[in-house]
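Inside the fold
These are the residues of each chain, in order.
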Amino acid sequence: MNQLPFLLFLFITTTTATTSTLDPKQIRALQSLNIPTTKDPCSPNITTTTCDSSTPFHHLLSLHLTNCSDDLEISTTALTTLSTLTSLSFTNCPITPPPHFPPLLTSNLHSFSCINSLQKLSGVFLGRFKNLTELTLTRVSIKASGPTIILGSMKNLQSVTISNTNLHGSLPKHWHLNLTHIDLSSNNLSGTIPSSLTHLENLKSLNLSNNSFTGKIPFSVGNLIYLQNISLASNLISGAIPDSMSEISGLSHLDLGSNQLNGTIPKFISEMKDLKFLNLEKNNFHGVMPFNASFIKRIVVFKIGGNSGLCYNHTSISKKLKLGIAACDKHGLPIPPPPAKEDSSSDDSRSYEDDSDEDESDGNKDDHHGPSKVVIGVAVGLSSIVFLVIFFILLSKCCRR
């Protein structure tokens, strides 16, 4: 009786192994991760795994774990068996602490992604993935002294996203020239933007928004001639927009909002034909806005409000277009807005009107009571005269007697 369960398990394992093109050891490793293997993991219809073409059995090249159960445990043995992987990603798998990755796996991985997964990662742990070309870390907690300890040894890295990770520190002073995509947004990074970042001539996307960067935009930013997307929004960056940015002719997304930038807005921005997203709001720009109505209509997203010293030419732009800035006067200065119609001002106006009414009513009262007093005076005088006439008549009659 005890022999039957063992034989049944052996039959299922053998059947699975013989019907699948994947290495049986890797099948068992997937089963230990609660990944169904009823279908061949190497089938083209499976989206969570891909395999190589080796014989007699295929081996896994990519694995995507998503929405893991709370009690999932990833053993070192399973990861060692899966060391043929070149791409590994986790989505909504908040496993704590993170599993131990064997050296062969960390060496073979070219792509590693954690989205709301593997919480409490360390910079030392991540720095071991030296052969990565793509790194994505989003909504995870990272304990590190800065990006350098993570990225310093990744000489082949092309794309890096470390966003919403509570990462502290400053930007690296040295960058690997293969990088085409950098996203370090929504962290606690500080310091200035180093000019060494502008040596990445192949860079297409740069997102440093929602941090605490200070200082100026490097003048050499114009060296990034292939840049298509740049976002430095929600920092403490000051100074003017560098003229060298005019060299980035293919820029389609420019987000500099919510900083402390000043000076005038350069005219070359209006000449960027590929620009679709422009955010310059909530800065300290002044002068006449260099954009006309046709440019604004061409832009998909346009934000310019929150610059108190900035104004627009009302002869070329309709006042009906709500820009969040004032129209310019003949001297190119913002026309002060009319007094706000608030409750207090309404009370004042109503008070002023009431006072006027009171003055008018007082005048009317004076006009009304004035004639009444005259009439009374005349009546009293006439009464006195009548009284005197009667008195003298009676007196004369008395004297005759």
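Our subject is the structure that appears above.
An account of the accompanying structure is given in this report. (Residues numbered from 1 in each chain as written. Predicted model: local features only at pLDDT ≥ 70, side-chain atom pairs only at ≥ 80, totals over all residues. Heavy atoms only, no water.)

**What to know about the state of the cysteines**
All chains considered together, the criterion is met by three disulfides. The residue that forms a disulfide with cysteine 42 is cysteine 51, at a sulfur-sulfur distance of 2.1 Å. Handedness here is read from the sign of the S-S torsion; for cysteine 42 and cysteine 51, about -85 degrees, the answer is left-handed. The residues cysteine 42 and cysteine 51 share a single accessibility class, namely buried. (Disulfide = S-S within 2.5 Å. Buried < 20%, exposed > 50% of the residue type's maximum accessible area, 1.4 Å probe, protein only.)

**Let's talk about the side chain of asparagine 187**
Along the polypeptide, asparagine 187 turns up in the loop between strand S10 (181-183) and strand S11 (188-192). Given the relative accessible area of 6%, asparagine 187 is considered buried. Among the polar contacts listed, one links the side chain of asparagine 187 to the backbone oxygen of isoleucine 162, at a separation of 2.8 Å. Dropping the residues within four chain positions of it, asparagine 187 is found in contact with Ile162, Ser163, Asn164, Thr165, Asn166, Leu167, Asn210 and Asn211. (Helix = DSSP H or I, 4+ residues; strand = E, 2+ residues; numbered from the N terminus. Polar contact = N/O pair within 3.5 Å; in protein donor to acceptor, adjacent residues only side chain to side chain. Contact = heavy atoms within 4.5 Å.)

**Regarding the sheet that holds strand S18 (residues 277-279)**
What the twelve strands build is an open sheet, ordered S1-S2-S3-S4-S6-S8-S10-S12-S14-S16-S18-S20; its pairing is mixed. Both outer strands of the open sheet, strand S1 (49-51) and strand S20 (301-303), are each paired with one neighbouring strand and no more. Strand after strand, the sheet turns through a mean of 10 degrees between neighbouring axes, direction not considered. Across three bridges, strand S8 (residues 159-163) lies against S10 in parallel orientation. Note on S10: the bridge partner recorded for threonine 161 is aspartate 183. (Pairing = 2+ DSSP bridges. Axes fitted to C-alpha atoms, helices over the stretch in contact; angles between N-to-C directions.)

**A word on the pairing of S8**
Taking burial as the measure, the five residues of S8 include five buried ones, the bulk of the element. In S8, alternate side chains face the same way, and those of Ser159, Thr161 and Ser163 on one face and Val160 and Ile162 on the other are all buried. With five bridges connecting them, strand S6 (residues 134-138) and S8 associate as parallel partners. Among the inter-strand pairings, threonine 136 is bridged to a residue of S8, identified as threonine 161.

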